[in-house]
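# Structure assessment
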Amino acid sequence: MEPEGLVWHNAEFGFYLPSPLFQGRSGLSHEQSHLLLPADSAWLALERPENPMTITVMLRVDGLTAPRFREFLRVYWMAWERFRYMPVKRSPAWWWEQDPMFDVRHHLDVVVDRFTPESLQEWVSVRLNQPLPMYRPRWKFWLAPNAEGGAVLLLRIHHCYADGLSLLGIFERLCPPSPQQHPAIYGAPETAELSRWTAAAKVWLGQLLASGESAEEAHGVAGVDESDGNQWQDAGRLLERVAQKSLKLVHEFSEFLVEPEDSDTDLRRPLLGRRHCRWSEPVPLERFRAIAQVTNVTINDVLLSCVAAAVRTRLGIDGADLDEAVLHAAVPVDIRSRLPDELKPAPGALGNYFGTVFVPLPVDGESPLERLYRIKHETRRLKKSWQPGIAWGLAASATVVPEPWREPLADVFYRKASAVVSNVPGTPEPRYIAGCRITEQMFWVPQAGDIGLGISIVSYAGQVQFGVVADEAVMADPEDFLNDCLQELAQFPGD
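Residues numbered from 1 in each chain as written. Predicted model: local features only at pLDDT ≥ 70, side-chain atom pairs only at ≥ 80, totals over all residues. Heavy atoms only, no water.

### Thoughts on the overall build of the protein chain
The helix and strand inventory of the protein chain stands at 15 helices and 18 strands. Looking at the protein chain alone, contacts between residues at least 24 apart form 78% of all its contacts between residues at least 6 apart. Per element, the accessible surface of the protein chain, about 21400 Å² overall, is 54% carbon and sulfur. (Helix = DSSP H or I, 4+ residues; strand = E, 2+ residues; numbered from the N terminus. Contact = heavy atoms within 4.5 Å. Areas by Shrake-Rupley, 256 points an atom, 1.4 Å probe, with all protein chains shown as cover.)

Rendered as structure tokens:
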């Protein structure tokens, strides 16, 4: 029996292959294109040459060879039809268009160098600065099977395709917990979603209106042809009405706007567009858990406190200036659980469904415990906030806003942070890709606007790693930053 009608098992080769019923079922055989959802196209609107909106994933995999991975890529990865599409700008919107010359060989480079740990970090940094071709789907793998310590698999993919949690979902489906187990249910057709998504969003947002509008006014005009882009304008007008008439939203939005911008520090400099990345050795998750239990905080509080300590020494200020310093970390927050059922993505679907909270970092804190408890206070306050939803809505509106207004909007949004801190939760058990064990995994997410520092905290198989990507203008060598994060960890009781 075919699992869910999406894939079928080929007994001869031992692979699950895309089902003939699945192929061609997307409904795009005639148009071969459709509009991007606003939350996806936002990442294209916010992109700048010196700051590409690209996610980077690195896996260390024991024994992964080029033939094994090529077959994995062809059979499993390509079961998601979106990977055959590329974003194309047709004023005033972005469209998904199928690449008529698509060839999976264009999206994999095999590098035979025997990288040392030091040369590997430099090589990955160069890849981070390498633009993806605009005339093909914007994703690519590199495989270095001969690197010291195990093969390296590197993926760079534009944020418009998916957020980090969507990508984690793909890897969880395609990387089973046993080398003998094959992926069972995976893949997704690429379908035009804007009409359904816009209609559901209007209903949901209409419920927030505090006025006595009729249902027809709240829900908007139905049956608009998506090709003329009217839904974008319609959704924008509805968002404006919600902001004006929903008292709760107005209050939350006002708090967001009056939140002070970050102080001028060495972390806030014009970007050069040359980035360097580094990552730490794995640290047992149990160390963080023990500290959290002794201090009655969460593991995430401990992680953010380590980041705050490392940031403190890189501001270029001290004394009274440090006491008055304001510095926020932009932290992505998954909002899938907060969306109504009509807006929630289907299992295995790609897309962007997260907002952002701006967590004040206590860089003036004099001791590890002071920094830790102040972060605990801030994270508890933000847990009940609508800030992630507001941030998601503002980001989604980027492609609706006229070009001259787009940069001021981005400034309002992104000048409230000097760093992006992403916490990527992996699986608690080891996983296998193409039958080979994944020993480490690392994510780096982009930093929009003038933010030049990104910190990634990745948990996987009972271990935690810190990763840093920094523009050369704000941090020439991120290695010391990682060491400071780990040094702060050693100062806590219970470590």
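That covers the picture; the talk isn't over yet.
### Thoughts on the confidence of the model for the protein chain
For the protein chain, the average pLDDT comes to 81, and 76% of its residues sit at 70 or higher. In the predicted structure, residues 208–229 sits below a pLDDT of 50 and forms 32 contacts with residues beyond four places in sequence or in another chain. (pLDDT = per-residue confidence, 0-100.)

### Observations regarding the packing of helix 9 (residues 285–295) against helix 10 (residues 299–312)
Contact geometry for helix 9 and helix 10: axes closest at 8 Å, N-to-C directions at 105°. In this view, helix 9 runs roughly perpendicular relative to helix 10, as classed from their interaxial angle. Note on element contacts: helix 10 touches helix 9 through Ile299, Val302 and Leu303, opposite Leu285, Phe288, Arg289, Ile291 and Ala292. Here the residues of the contact of helix 9 with helix 10 are counted per class, giving seven nonpolar, no polar and one charged. (Axes fitted to C-alpha atoms, helices over the stretch in contact; angles between N-to-C directions. Parallel < 35°, antiparallel > 145°, perpendicular 65-115°, else oblique. Nonpolar A, V, L, I, M, F, W, Y, C, P; charged D, E, K, R; others polar.)

### Considerations on the pattern of salt bridges
Under the defined criterion, the tally for this structure stands at 23 salt bridges. Among the ionic pairs, Asp163 bridges to Arg336, the shortest N-O distance being 3.0 Å. One end of the pair, Asp163, is in the loop between strand 9 (151–158) and helix 4 (164–174); the other, Arg336, is in the loop between strand 12 (328–334) and strand 13 (354–360), and 173 residues separate them in sequence. Between Asp477 and Arg278 there is a salt bridge; the shortest N-O distance is 4.0 Å. Separated by 199 residues along the polypeptide, Asp477 in the loop between strand 18 (463–471) and helix 15 (479–490) and Arg278 in strand 10 (residues 275–279) bring together distant segments of the chain. Given a relative accessible area of 39%, Asp477 falls into the partly exposed group. Here the residues in one salt-bridge network are Asp40, Arg82 and Glu190, joined through shared partners. (Salt bridge = Lys/Arg side-chain N within 4 Å of Asp/Glu carboxyl O. Buried < 20%, exposed > 50% of the residue type's maximum accessible area, 1.4 Å probe, protein only.)

### Thoughts on the nonpolar core
In terms of nonpolar packing, the biggest core is built from 67 residues, with Phe69, Trp77, Phe83, Trp123, Val124, Trp139 and Phe141 touching the most fellow members. In terms of residue count, strand 9 provides more of this core than any other element does, six residues in total. A domain-level breakdown of this core finds at least three residues from each of domain 1 (33–174) and domain 2 (255–429 + 437–491). The residues touching Trp139, leaving out its near neighbours within four places in the chain, are Leu73, Trp77, Met78, Phe83, Phe102, His107, Leu132, Arg156, Ile157 and Tyr161. (Core = buried A, V, L, I, M, F, W, Y, C linked by side-chain atoms within 4.5 Å. Domains from an automatic or database assignment.)

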